[in-house]
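Now for the letters of each chain:
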Amino acid sequence: AKGDGVSDDTAALQACLVNGNNVILSGTYLITGPLNIANRHNIFIFGGSIVRPADQTFNTLVGKGCDNITIENVTFDGNGNNREMTYTWKDNIQACMILASQSKNISVIGCRIYNYNYGVFINGADVENEESSFQNTAMNGVIQNCVFNNCHSAVDTYGKAILIDHNSFYGNTGKCVQVEANSTSQGEENPMDE
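Computed from a predicted model, the values in this text were never measured in an experiment.

A.B. asks: Would you mind going over the side chain of Asn 115 in detail, with residue names and values included?
C.D. replies: Within the element layout of this structure, Asn 115 appears in the loop between β12 (112-114) and β13 (118-122). You can call Asn 115 buried: its relative accessible area is 18%. A polar side-chain atom of Asn 115 sits 2.8 Å from a polar atom in the side chain of Asn 150.

A.B. asks: Could you give me a rundown of the environment of Asn 59, with the residues and numbers involved?
C.D. replies: Inspection of the secondary structure assignment puts Asn 59 in the loop between β6 (49-51) and β7 (61-63). For the pair formed by Asn 59 and Ile 98, sequence separation is 39 residues and the distance between their alpha carbons is 7.1 Å.

A.B. asks: Requested: an account of the state of the cysteines, with residues and values cited.
C.D. replies: Enumeration over the complete set of coordinates arrives at zero disulfides. Here Cys 111 is not disulfide-linked; the sulfur of Cys 146 is the nearest cysteine sulfur, at 4.8 Å. Not part of a disulfide, Cys 176 finds its nearest cysteine sulfur in Cys 151, a span of 9.2 Å. Taking relative accessible area as the criterion, Cys 176 reaches 28% and is therefore assigned partly exposed.

A.B. asks: Lay out the nonpolar core with the relevant residues and their values.
C.D. replies: Across soluble globular proteins, you tend to see nonpolar side chains buried next to one another. Among the nonpolar cores identified, the biggest contains 35 residues, and Ile 71, Phe 76, Met 97 and Ile 113 are the most heavily contacted of them. Only β5 (41-46), β8 (67-72), β10 (95-99), β11 (104-109), β13 and β16 (153-157) provide two or more residues apiece to this core. Ignoring anything within four residues of it in the chain, the contact list for Phe 76 reads Ile 50, Thr 60, Ile 71, Cys 96, Met 97, Cys 111, Arg 112, Ile 113, Tyr 114 and Tyr 116.

A.B. asks: Before we move on, could you go through unusual backbone geometry and cite the residues and values that matter?
C.D. replies: A positive phi angle, near 60°, is found at Asn 79, a position not held by glycine. With respect to the helices and strands, Asn 79 occurs in the loop between β9 (75-77) and β10. Positioned with a positive phi, Asn 150 is a non-glycine residue whose angle comes to about 55°.

A.B. asks: Describe in detail the packing of aromatic side chains, supporting the description with residues and values.
C.D. replies: Scanning the entire structure with this criterion turns up three aromatic pairs. Measuring from ring centre to ring centre gives 5.9 Å for Phe 44 and Phe 46, while their planes differ by 20°; the resulting arrangement is stacked. Look at Phe 44 and you get partly exposed, because its relative accessible area is 25%. A ring pair is formed by Tyr 118 and Phe 121, whose centres lie 5.8 Å apart and whose planes are at 75°; its orientation type is edge-to-face. For Tyr 118, a relative accessible area of 1% translates into the label buried. Phe 121 sits in the buried class, given a relative accessible area of 0%.

A.B. asks: Residue-level account of the sheet that holds β12, with values.
C.D. replies: The pairing of strands in a sheet comes from backbone hydrogen bonds and takes either a parallel or an antiparallel form. With parallel pairing, the seven strands of this open sheet are ordered in space as β1-β3-β6-β9-β12-β15-β18. Edge positions in the sheet fall to β1 (4-8) and β18 (168-170), since each has one partner strand and no second. Taking the axes of each pair of neighbouring strands and ignoring which way they run, one obtains an average angle of 15° across the sheet. Relative to strand β15 (residues 147-149), β12 runs parallel, the two being bridged by three bridges. Directly across from Tyr 114, in β15, lies its bridge partner Asn 149.

A.B. asks: Talk me through the environment of Ala 1; I want residue IDs and the actual numbers.
C.D. replies: Tracing the backbone through its elements, the reader meets Ala 1 in the segment before β1. For the pair Ala 1 and Gln 14, spaced 13 residues apart in the sequence, the C-alpha separation amounts to 9.9 Å. When neighbours within four sequence positions are excluded, Ala 1 is seen to be in contact with Asp 9, Ala 12, Leu 13 and Tyr 29.

What counts and what doesn't
- Residues numbered from 1 in each chain as written.
- Predicted model: local features only at pLDDT ≥ 70, side-chain atom pairs only at ≥ 80, totals over all residues.
- Heavy atoms only, no water.
- Helix = DSSP H or I, 4+ residues; strand = E, 2+ residues; numbered from the N terminus.
- Buried < 20%, exposed > 50% of the residue type's maximum accessible area, 1.4 Å probe, protein only.
- Polar contact = N/O pair within 3.5 Å; in protein donor to acceptor, adjacent residues only side chain to side chain.
- Disulfide = S-S within 2.5 Å.
- Core = buried A, V, L, I, M, F, W, Y, C linked by side-chain atoms within 4.5 Å.
- Contact = heavy atoms within 4.5 Å.
- Phe/Tyr/Trp six-rings, centres within 6.5 Å; stacked < 30°, edge-to-face > 60°.
- Pairing = 2+ DSSP bridges.
- Axes fitted to C-alpha atoms, helices over the stretch in contact; angles between N-to-C directions.

Function-wise, these values are silent; they only describe arrangement.
Rendered as structure tokens:
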């Protein structure tokens, strides 16, 4: 990865997201597609900036079935005018991070998350499969000492035992923190309606 903010570092960063790896970033990394941590375990990501191209709508960091993931002191810039963005449940929801079913022990600490529709969305269902249930929701996480700026909704979670603590919110157009009631199944309601 070059980390110059111009070169496409998507493939290089994705190659680093291997079980047990520490990923230490020191530059600005442009990505042109989502970074997938599905079914990954024991990954530590620290420092640097990850930037999405202007007005692109893919989710930056996605995963289900991941465990012991720590993201610390990273700046994420979605480069979007999120006041005007729209979404549908079956399409991607334009988030910085989306962590879906069966994820646990996720820590997002001291990060700066700018210009996204959704900052951190910890979901109970798999957004790629509308039939999946909320019963295998994400569990045990920390979102702490982060700054959310110009997001529609900063934190939205169906997760269980998620600590949301000492975060700062600026210029967000929707609810800064939304903790959803547990839902019996994805089909009964669209969790993005509110």
